[in-house]
Amino acid sequence: MQDNKHKRSFISTILLIGLLVVVLPLVLDPFRLNLIGKYLAFAFVALGIVLTWGYGGILSLGQGVFFGLGGYMMAMFLKLEASAPELPDFMVWSSVEQLPTWWIPFKSLGLTVLCIVVIPVVLAYVFSYAIFRRRVSGVYFAIVTLSLALTLTVVVVGQQGDTGGANGITDFRTLLGMDILSDHSLRILYFVEVAVLSLAMLLSLAVVRSRFGKILIAIRDREDRVRFSGYDTAHMKAFVFACGALLASLGGAFFTLQVGLIAPSVIGVVASVEMVIYAAVGGRMSVPGAVVGALLIGFLKSYLSEAFPEGWLYFLGAVFILVVWVMPNGLAGLMDQWSNRRRSRAT
């Protein structure tokens, strides 16, 4: 049965990639395609949550931290390119006289991409390993990550001269001289994003089908038994948490490119909880379900925030409660139940 489930996940992933690569670019105009690109940025985070929460049993309510790190680092490069050779405008307004030292590496796109990949992974591993070694898990770890998201939001807002404060980093248009807001550039960015997301989905499928994936499930269900068997469960949990941080950071970088700004609101508590909802709706044990959940909730969020600007957050909360209550395995779980019933009838 497990092999059938993996097979269905692989087929669903291939079909989903085909939809993103072939169908949507043909039927959607540039504006709608850009919206899909924005939703796919959150799909990276949902994919990481599937690995950490669904398979590892690590519920993090602070993935917005790593999403924001990736987004801010990409925005720093874009802002330096847009304002060169002068200082960024928000620094001038804050009476900053010279570029802060930690901004200097972000003058290079190569170093920026390296930082986007390395810094969140290192921070996530060191932070989580220190906690998991003390055998802190479950709701306590979720509270710690939630506090981390809240703390980072306060720090970013308070450092106006370094981070842009509450307004974030905005007003940039070019990437290596290419106008990222033009229809042609947005289309190219969309295909690049889909290519990276497709690779991430296939690698995630390989991980969950591997021996490491089986050990993760064992840690989630009975960590004490796995520990008594000789495995360093703290290291394994920290490793998968770092993988989730990497995916979130990549999503933040693509979000900045697709939207053209980054602000503290995407790293806060509300944004981090929304990211968990994406994975819960699609299915916290499903790789393609994470992408579908991000697309579905992203679309509903855009529509409801326009139609009901004061009540859409209540809807998101109701969706999360409904999913936990009625379909704890999300849309992917419903598909598995339907497939199993059809197979039983055929037998």
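Refer to the structure presented above.
Residues numbered from 1 in each chain as written. Predicted model: local features only at pLDDT ≥ 70, side-chain atom pairs only at ≥ 80, totals over all residues. Heavy atoms only, no water.

S.K.: Where do I start with the overall build of the chain in this structure?
M.R.: Summing up its helical and strand segments, the chain has 14 helices and 2 strands in all. In terms of its C-alpha atoms, the chain occupies a principal-axis envelope of roughly 70 × 50 × 40 Å. Expressed as a percentage of its 347 residues, the buried residues of the chain come to 48%. Restricting the contact set of the chain to residue pairs at least 6 apart, pairs at least 24 apart contribute 79%. Of the accessible surface of the chain, which amounts to about 16900 Å², a share of 66% is contributed by carbon and sulfur atoms. Seen as two clouds, the 26 positive and the 19 negative side-chain charges of the chain have centres 18 Å apart. (Helix = DSSP H or I, 4+ residues; strand = E, 2+ residues; numbered from the N terminus. Buried < 20%, exposed > 50% of the residue type's maximum accessible area, 1.4 Å probe, protein only. Contact = heavy atoms within 4.5 Å. Areas by Shrake-Rupley, 256 points an atom, 1.4 Å probe, with all protein chains shown as cover. Lys, Arg positive; Asp, Glu negative; His and termini not counted. Charge placed at Lys NZ, Arg CZ, Asp CG, Glu CD.)

S.K.: I would appreciate a short explanation of a nonpolar patch on the surface in the present structure.
M.R.: Taken together, the side chains of Leu19, Val21, Val22, Val23, Leu26, Val27 and Phe191 make up a nonpolar region of the molecular surface, amounting to roughly 590 Å² of accessible area. A total of 6 residues in the nonpolar patch trace back to one element, the largest contributor, which is helix α1 (residues 2-27). In this structure, Phe191 sits in helix α8 (residues 183-209). Look at Phe191 and you get partly exposed, because its relative accessible area is 32%. (Patch = residues over 30% accessible without salt bridge, like charges linked within 9 Å, V, L, I, M, F, W, Y side chains within 5 Å. Salt bridge = Lys/Arg side-chain N within 4 Å of Asp/Glu carboxyl O.)

S.K.: What is the right way to read the side chain of Lys79 from this model?
M.R.: Examined against the element boundaries, Lys79 turns out to sit in helix α3 (residues 63-83). Owing to a relative accessible area of 3%, Lys79 belongs among the buried residues under this scheme. Beyond its immediate sequence surroundings of up to four residues, Lys79 is in contact with Pro88, Asp89, Phe90, Ile169, Thr170, Asp171 and Phe172.

S.K.: Could you clarify how one ought to interpret the packing of aromatic side chains in this entry?
M.R.: For any pair of aromatic rings, the description consists of the separation of the ring centres together with the inter-plane angle of the planes. Taken as a whole and judged by the stated rule, the model has 14 aromatic pairs. Arranged with centres 6.0 Å apart and planes meeting at 50°, the rings of Phe90 and Trp103 form a pair that is tilted. Of this pair, Phe90 sits in helix α4 (residues 89-93) while Trp103 is found in the loop between α4 and α5 (109-133), placing the two residues 13 residues apart along the sequence. Taking relative accessible area as the criterion, Phe90 reaches 4% and is therefore assigned buried. The residue whose ring lies beneath Arg284 is Trp53, and the NZ or CZ to ring-centre distance is 5.1 Å. (Phe/Tyr/Trp six-rings, centres within 6.5 Å; stacked < 30°, edge-to-face > 60°. Lys NZ or Arg CZ within 6 Å of the ring centre and 35° of its normal.)

S.K.: Help me understand unusual backbone geometry in this model?
M.R.: Of all residues except glycine, most have a negative phi; of all peptide bonds, most are trans. The residue Ser95 is not glycine, and still its phi comes out positive at about 65°. For Ser95, the location among the structural elements is in the loop between α4 and α5. Ser95 gets classed as exposed once you look at its relative accessible area, which sits at 62%. Positive phi outside glycine occurs at Asp171, with the angle close to 65°. Mapping Asp171 onto the fold places it in the loop between α7 (160-163) and β1 (174-175). In this structure Asp171 comes out as exposed when scored by relative accessible area, which is 56%.

S.K.: Help me understand the environment of Ile215, please; the structure alone is not making it clear to me.
M.R.: By the secondary structure assignment, Ile215 is in helix α9 (residues 211-228). With 183 residues separating them in the primary sequence, Ile215 and Arg32 have C-alpha atoms 41 Å apart.

S.K.: What's the story with the pattern of salt bridges in this structure? I'm lost.
M.R.: For side chains of opposite charge, pairing can occur when their charged atoms come near one another. Following the criterion strictly, the structure yields 7 salt bridges and no others. Across the pair Arg227 and Glu223 runs a salt bridge whose closest N-O atoms are separated by 3.2 Å. Placement of both Arg227 and Glu223 in helix α9 is noted, with a separation of 4 residues, approximately one turn of the helix. A salt bridge links Glu274 to Lys301, with the shortest nitrogen-to-oxygen separation between them at 2.8 Å. On the criterion of sequence distance, the pair formed by Glu274 in helix α11 (residues 269-282) and Lys301 in helix α12 (residues 287-307) is long-range, its members being 27 residues apart. Taking the relative accessible area as the measure of exposure, Glu274 reaches 7% and is therefore buried. Overall, Lys301 belongs to the partly exposed group, its relative accessible area being 25%. Each of Glu223, Arg227 and Lys237 takes part in a single network of salt bridges with overlapping partners.

Limitation: the analysis is restricted to geometry and does not speak to function.
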